[in-house]
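Listed below, chain by chain, are the residues.
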Amino acid sequence: MAKKPASLDKSAKSPKAPAPADIGGADIGAESPQKASRVPANAEITFAYGEAQADGGETHQVAGGDVATLTTQQGMPVADDQNSLKQGTRGPTLLEDFHFREKMFHFDHERIPERVVHARGYAAHGFFELTDSLSDVSRADVFQRVGERTPAFVRFSTVAGNKGSFDLARDVRGFAVKLYTQEGNWDLVGNNIPVFFIQDAIKFPDLVHSVKPAPDREFPQAQSAHDNFWDFISLTPESFHMVMWQMSDRTIPRSFRTMEGFGVHTFRLLDAAGKSTFVKFHWKPKQGLQSVVWNEAVKINGADPDFHRRDLWDAINSGDFPEWELGVQLFDDAFADSFDFDVLDATKLIPEELVPVRVVGRLVLDRVVDNFFAETEQVAFCTQNVPPGIDFSNDPLLQGRNFSYLDTQIKRLGSPNFTHIPINAPKCPMAHFQQDGHMAMHNPKGRANYEPNSWGPTQGGPREDPVRGFTSFAEVAEGPKQRVRSETFADHYSQARQFFVSQTPIEQKHIGDALVFELSKVERPDIRSRVVSHLRNVDTALATTVADGLGLAMPDAAVAAREPITDLPASDKLSIVKNGPDSFKGRKLGILLSDGADAALFKALLKAVDGEGAVYEVIAPKIAGATLSDGTTVAAKHKIDGGPSVLFDAVALLVSAEGAKLLSRDAAAKDFVTDAFAHCKYIAISAEAQAIFVAAGIADDLDEACLLLATAADAPAFIEAARALRFWPRELAVDLDAHPQT
Ligand code: HDD
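Definitions and cut-offs
- Each chain has its residues counted from 1, running along the sequence as written.
- Residue-level local features of this predicted model are given only where pLDDT is at least 70; pairs of side-chain atoms are given and counted only at 80 or more, and the full residue set underlies all totals for whole chains, interfaces and linings.
- Remark: hydrogens and water are excluded; side-chain values derive from all non-hydrogen atoms of the structure.
- The way it works is that DSSP assigns letters per residue, a run of H or I at least four long becomes a helix, a run of E at least two long becomes a strand, and they are numbered from the N terminus.
- Our radius of gyration is a C-alpha quantity, and the globule rule it is checked against amounts to 2.2 Å times the number of residues to the power 0.38.
- Residue burial is assigned from relative accessible area. The probe radius is 1.4 Å, only protein chains are included, and a residue is buried under 20% of its type maximum, exposed over 50%, and partly exposed in between.
- Contacts are assigned to residue pairs that have any heavy atoms within 4.5 Å of one another.
- Lys and Arg are tallied as positive, Asp and Glu as negative. Neither His nor the chain termini are counted.
- A charge is said to be at NZ when it belongs to Lys, at CZ for Arg, at CG for Asp and at CD for Glu.
- Axes here mean lines fitted to C-alpha atoms, for a helix over just the part in contact, with angles spanning 0 to 180 degrees between N-to-C directions.
- With respect to orientation, any angle under 35 degrees is reported as roughly parallel, any angle over 145 as roughly antiparallel, any angle of 65 to 115 as roughly perpendicular, and every other angle as oblique.
- Crossing handedness is defined as follows: a turn of the near helix away from the far one that is anticlockwise and smaller than a right angle gives a left-handed crossing, while the clockwise case is right-handed.
- Residue type decides the class: Asp, Glu, Lys and Arg count as charged, Ala, Val, Leu, Ile, Met, Phe, Trp, Tyr, Cys and Pro as nonpolar, and the leftover types, Gly among them, as polar.
- Note on pairing: DSSP must find at least two bridges between two strands before they are called paired.
- Any N or O atom pair separated by 3.5 Å or less is treated as a polar contact, with the protein-specific requirement of one donor-capable and one acceptor-capable atom, and with residues adjacent in sequence counted only for side-chain atom pairs.
- When we say a residue is near a molecule or strand, we mean one of its heavy atoms is within 4 Å of it.
- The way it works is a 1 Å grid over only the protein atoms, where trapped points that fit a 1.4 Å probe form a cavity and open points with protein on both sides within 12 Å along at least five of seven lines form a pocket, and then any residue with an atom within 4 Å of a point lines it.
- Grid points are joined across faces, edges and corners, and a volume is the space filled by probe spheres set on the points.
- Water is absent from the atoms considered, so a metal site may look incomplete; donors are defined as N, O and S atoms within 2.8 Å of the metal, or 3.2 Å for Na, K and Ca.
- Working definition: the arc comes from the directions between the helix axis and the C-beta atoms, pointing outward to the latter.

Asks: Could you give me a rundown of the overall build of the protein, with the residues and numbers involved?
Replies: Helices and strands together make up the secondary structure of the protein, namely 22 helices and 20 strands. Against the 2.2 N^0.38 benchmark of 27 Å for 742 residues, the protein shows a C-alpha radius of gyration of 30 Å, consistent with a compact globule. Out of the 742 residues in the protein, the part that is buried amounts to 51%. Expressed as a percentage of contacts within the protein between residues at least 6 apart in sequence, the contacts between residues at least 24 apart total 73%. Counting 76 positive and 101 negative side-chain charges, the protein places the averaged centre of each group 5 Å from the other.

Asks: Before we move on, could you go through the packing of helix α5 (residues 227-234) against helix α6 (residues 240-247) and cite the residues and values that matter?
Replies: Their axes nearest at 10 Å, the elements α5 and α6 cross at an angle of 140 degrees. Classified by the interaxial angle, the pair formed by α5 and α6 is oblique. In this structure, α5 meets α6 at a crossing whose hand is left-handed. For the pair α5 and α6, the contacting residues are Phe229, Trp230 and Ile233 in the first and Phe240, Val243, Gln246 and Met247 in the second. By residue class, the composition of the contact of α5 with α6 is six nonpolar, one polar and no charged.

Asks: Tell me about the sheet that holds strand β20 (residues 706-709), and please be specific about residues and values.
Replies: Read from one edge to the other, the open sheet built from six strands follows the order β17-β14-β13-β18-β19-β20, with strand pairing classed as parallel. Only two strands of the sheet have a single partner each, and these edge strands are β17 (638-639) and β20. As defined by bridge partners, strand β14 (residues 615-620) adjoins β17 across two bridges and the pair is classed as parallel. Opposite Ala620, over in β17, you have Lys639 as the bridge partner.

Asks: Give me the lowdown on the side chain of Arg726, citing residues and values where you can.
Replies: By the secondary structure assignment, Arg726 is in the loop between α21 (715-721) and α22 (729-734). A distance of 3.1 Å separates a polar side-chain atom of Arg726 from the backbone oxygen of His679. Contacts of Arg726, omitting those with residues within four sequence positions, involve Ser291, Val292, Val293, Glu296, His679, Cys680, Lys681 and Tyr682.

Asks: Before we move on, could you go through the site of the ligand and cite the residues and values that matter?
Replies: In the region of the ligand, 24 residues are neighbours, and Arg115, Arg155, Arg401, Tyr405 and Gln409 sit closest. Within the side chain of Arg155, a nitrogen or oxygen atom sits 2.7 Å from an oxygen atom of the ligand. Residue Arg401 places a side-chain N or O atom 3.2 Å away from a nitrogen atom belonging to the ligand. Broken down by secondary-structure element, the contributors of at least two residues to the shell around the ligand are β5 (173-181), β6 (184-191) and α11 (396-413). In terms of residues, the shell around the ligand owes the most to one element, α11, which gives seven residues. Within the shell around the ligand, the residues separate by chemical class into twelve nonpolar, nine polar and three charged.

Asks: Which residues make up the layout of surface pockets, and what values go with them?
Replies: By volume, the second largest pocket is sized at about 1,600 Å³. Class assignment of the residues belonging to the lining of the second largest pocket gives a composition of 18 nonpolar, 18 polar and eight charged.

Asks: Describe empty space enclosed by the protein, and please don't skip the residues or the numbers.
Replies: A water-sized probe rolled over the atoms picks out the places where empty space is left. One pass over the full model with this rule turns up seven cavities of 30 Å³ or more. Size it by volume and the largest cavity reaches roughly 150 Å³. If you trace the largest cavity, you find 18 residues lining it, with Pro194, Phe262, His282, Leu349 and Ile350 closest to the centre. It is strand β9 (residues 276-285) that provides the largest number of residues to the lining of the largest cavity, a total of four residues. Residue classes in the lining of the largest cavity are distributed as nine nonpolar, three polar and six charged. By volume, the second largest cavity is sized at about 70 Å³. Around the second largest cavity, the lining residues are Asn192, Asp249, Arg250, Pro253, Thr258, Met259, Glu260, Leu289, Gln290, Ser291 and Ile576.

Asks: Which residues make up the coordination of the iron atom of the ligand, and what values do they have?
Replies: You will see that the iron atom of the ligand has only one donor from the protein, Tyr405 (OH), lying 1.9 Å away. Relative to the elements of secondary structure, Tyr405 occurs in helix α11.

Asks: Pulling in residues and values, what's your account of helix α4 (residues 204-211)?
Replies: Structural remark: α-helix, 3.6 residues per turn; residues separated by three or four positions point the same way. When α4 is considered as a whole, its buried residues turn out to be Leu207, Val208, Ser210 and Val211. Projected down its long axis, α4 carries its buried residues within an arc of 160 degrees, all on one side. Buried positions along α4 lie against α5.

Next comes the structure, spelled out in structure tokens:
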């Protein structure tokens, strides 16, 4: 073969490894990659099996300090991680390159199957603290001692979208809590909605298939606004209560921190004598309930698809720990028998007016994960994980779930030893005779791996404990083997109506808007019509709004399996607006600054934000920031087109006359104000900033929630006003779809 001219033979001139700048190797310091390993100086990389490795591993000095030596998985120190082993400088890569082979092999196997539902999620650590003992009704250790803390891990999720989908999909949110109790892990695998679409678990694959992308085209992603979903819903009347919740702003929460969580099903609590009390579990956010509006959600998805995970990450890392109260609704057989609906039917809730929520503890999230994959991705929740003192009811949805979750963990995590993964391992003593299998990490010592055995107390291993051990409620069940749905599950519309009439006018409007939007994406008119025929059984005005919004002739009402109860009283607890926060704490103000903005105004605003326990971010024409009237420069978090107002709970515009002139010509700045206005946000406006509203064409519409910041003294009043979060009368006044009667 002809030898290449030396001038073309780049390898002859190029160094063994690229210069640090080429590989973005700021952490490499002055040394070449051949000599320095690329572990960032601040990395505390610990492997489940390798703390000794990180602690005791060889270190050497680079510019940033001591770092661990890069090794293979076998622990062999690596000399060069930039170049594969070749024959000659330009020759083929050699099969002998075991380091390359190991690195690629591991990379090629990095992915595990994502969850079939709830694939996109985000989690954090914290604790549960008992504030009121439940020892009167449950023997569960976690409910005995007031003040005692139990470690917790909580994963929030959307349901339909894949792992890489956006956070603000209109979707139910998962609210899965793992409490590492002294009697084993208790997984309360709930949602942010207290009811479910279906009554029997056998329908779950159909429900999920219908909402997921269609099998032929693999779209639409992370949304329910399509034919398949509404086709299924329109043929499944039991789903209509949940559909009302799904079409409400509950499914576009402002933050994980502002959602309620619900165990959904009726469970049992058992005392030491085996006496049963029915229970429904609630998580109530101390931050108050809050959602965004649909137009805002759509824009947030573009501006920051990670909006919810970033929010949780930032809040916890800044020390603003989100907190929920654990509430229980306790009731007995007599109540269950007298209730209008079956307590085993997961499409029904029990209004708090009928059975009050007793607060028994608090859940605090105070630590983000060290590693997303190890913890958030590998965590395995299973509804059947309950400690002694908590038991199941016969809810057919719960019964089916208890069967399903174990299956899914084997599929996803690949081994029956998934409980050996630290995030899934109980934090109490464990002892059993289950052994071997892939990746077995906790292996029993000694001879006995069966019981009963006669190897004595020291060698014979663990034994059952009939007193401490889990005992099921001794329920008597009998009847013919059959596939039936109980007659007591036949009511499909009464609580859907109750939910609707419990909403404030703006919330009712949003439900109507959402139905019109979703059904407008449904291409088959007969499916649209069938949905409206069910809505007629929920609320006539709502059905009319939706039919009008779609330009649809009003269909006959669907035939109801059981005549709906139409006089169930409104329940205030079902509304978001009625259960909002009473402060701006934990909320974010976006401050749009320009050069020359009034420094005193800015400082006064920051003081008010700080005093409220809120946070702020600065938006400016240039990311380097703005130089204020007193000459100080404030760095910006966002350049104007990267920081739209949808990312903030309220906004303030502090600009100079010159800045206002500049921004009045800028489309992003005009969007900033028109969106804030359209989304009913509180807006603070410096005198000069009014010009931007004129340019945006909304200067004449400004209302009492658009506050002029004339002097620094006006700042506290603005933050105080912003406690209301949104000024809903604005939408009811100007939105074309607003109900005339509201
Ligand atoms: Fe489920 C995951 C909540 C009904 C089968 N479910 C999953 C997660 C949550 C819920 C929060 C995510 C857990 C995590 O963060 O890892 N699921 C619910 C609620 C339901 C419900 C509140 C009704 C009350 N689910 C339900 C049924 C079935 C399943 C009826 C099947 C019979 N769910 C699963 C699953 C998943 C799951 C397929 C997927 C990933 C996983 O379990 O770990 O097994």
